[in-house]
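Given next are the chains, with one letter for each unit.
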Amino acid sequence: MANIKKGDLVEVITGRRQEKGGDRGKQGKVIQVLVEKNRVIVEGVNFVTKHVRVGQTQGGTKTGGIEKHEASIHVSNVALVDPETKKPTRVGFRNEEVTKDGVTKTVRVRYAKKSGKDL
């Protein structure tokens, strides 16, 4: 089971400080997880400038120019945010017995290690 999933709130824990134009300390939602590359794309973090070739749509409007997009960041450089304290925390897993329709099965649940709260 993955520590970080799409939709999780994460905080950047490495890089330059925000005062110096960096992203360390910024929080954002995970837009996409690139499992094979061990990277995540976080909303509002790690912007890059892309030069897109000018084209035309069916309606005749111009497309292209200089656009800003979020680039991926390595999973080790972000930490999951504890929902209780709103600070970065480590993730643990615990097995719980869940009964549904008379069938009991064991499910692994993610939880924040500092507060013990489920994620």
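Criteria and cut-off values
Residues numbered from 1 in each chain as written. Predicted model: local features only at pLDDT ≥ 70, side-chain atom pairs only at ≥ 80, totals over all residues. Heavy atoms only, no water. UniProt positions renumbered as here; feature names shortened; annotations may be inferred. Pairing = 2+ DSSP bridges. Helix = DSSP H or I, 4+ residues; strand = E, 2+ residues; numbered from the N terminus. Core = buried A, V, L, I, M, F, W, Y, C linked by side-chain atoms within 4.5 Å. Buried < 20%, exposed > 50% of the residue type's maximum accessible area, 1.4 Å probe, protein only. Contact = heavy atoms within 4.5 Å. Salt bridge = Lys/Arg side-chain N within 4 Å of Asp/Glu carboxyl O.

Under an unreviewed UniProt entry, the name given to the protein is Large ribosomal subunit protein uL24, and the source organism is Microterricola viridarii. Under Sequence similarities (unreviewed entry), UniProt gives the following word-for-word description of the protein: "Belongs to the universal ribosomal protein uL24 family." Regarding the protein, the UniProt comment filed under Subunit (unreviewed entry) reads as follows: "Part of the 50S ribosomal subunit."

(A) Region of the structure containing the sheet that holds strand β6 (residues 72-74). Taken together, the 6 strands give an open sheet; going across it, the order is β6-β3-β2-β1-β7-β8, and neighbouring strands pair in antiparallel fashion. The open sheet has two edge strands, β6 and β8 (88-89), and neither has a second partner. For strand β1 (residues 9-12) and strand β2 (residues 27-34), the ladder comprises 3 bridges, and the chain directions are antiparallel. Bridged to Val 10 within β2 is Gly 28.

(B) Here's a closer look at the nonpolar core. Judged by nonpolar contacts, Ile 4, Val 10, Val 12, Val 30, Val 40, Val 42, Val 45, Ile 73, Val 78, Leu 80 and Val 91 together constitute the single largest core of 11 residues. Elements that contribute at least two residues to this core include exactly β1, β3 (39-42) and β7 (78-81). The contact partners of Ile 4, leaving out residues within four places of it in the chain, are Val 10, Val 30, Val 33, Val 40, Val 75, Val 78, Leu 80 and Arg 110.

(C) The arrangement of the pattern of salt bridges in detail. Tallied over the entire structure, the rule returns 3 salt bridges. Close ionic contact of Asp 23 with Lys 26 constitutes a salt bridge, the shortest N to O distance being 3.0 Å. In this structure, the salt-bridge partner of Arg 94 is Glu 96, at a minimum N-O distance of 3.2 Å. What makes Arg 94 partly exposed here is its relative accessible area of 28%.

(D) Structural context of the pairing of strand β9 (residues 91-100). Across 10 bridges, the pairing between β9 and strand β10 (residues 103-112) is antiparallel. Paired with Val 91 across the strands is Ala 112, a residue of β10. Hairpin remark: β9 followed by β10, antiparallel, with 2 residues in the connecting loop; positive phi at Asp 101, about 55 degrees.

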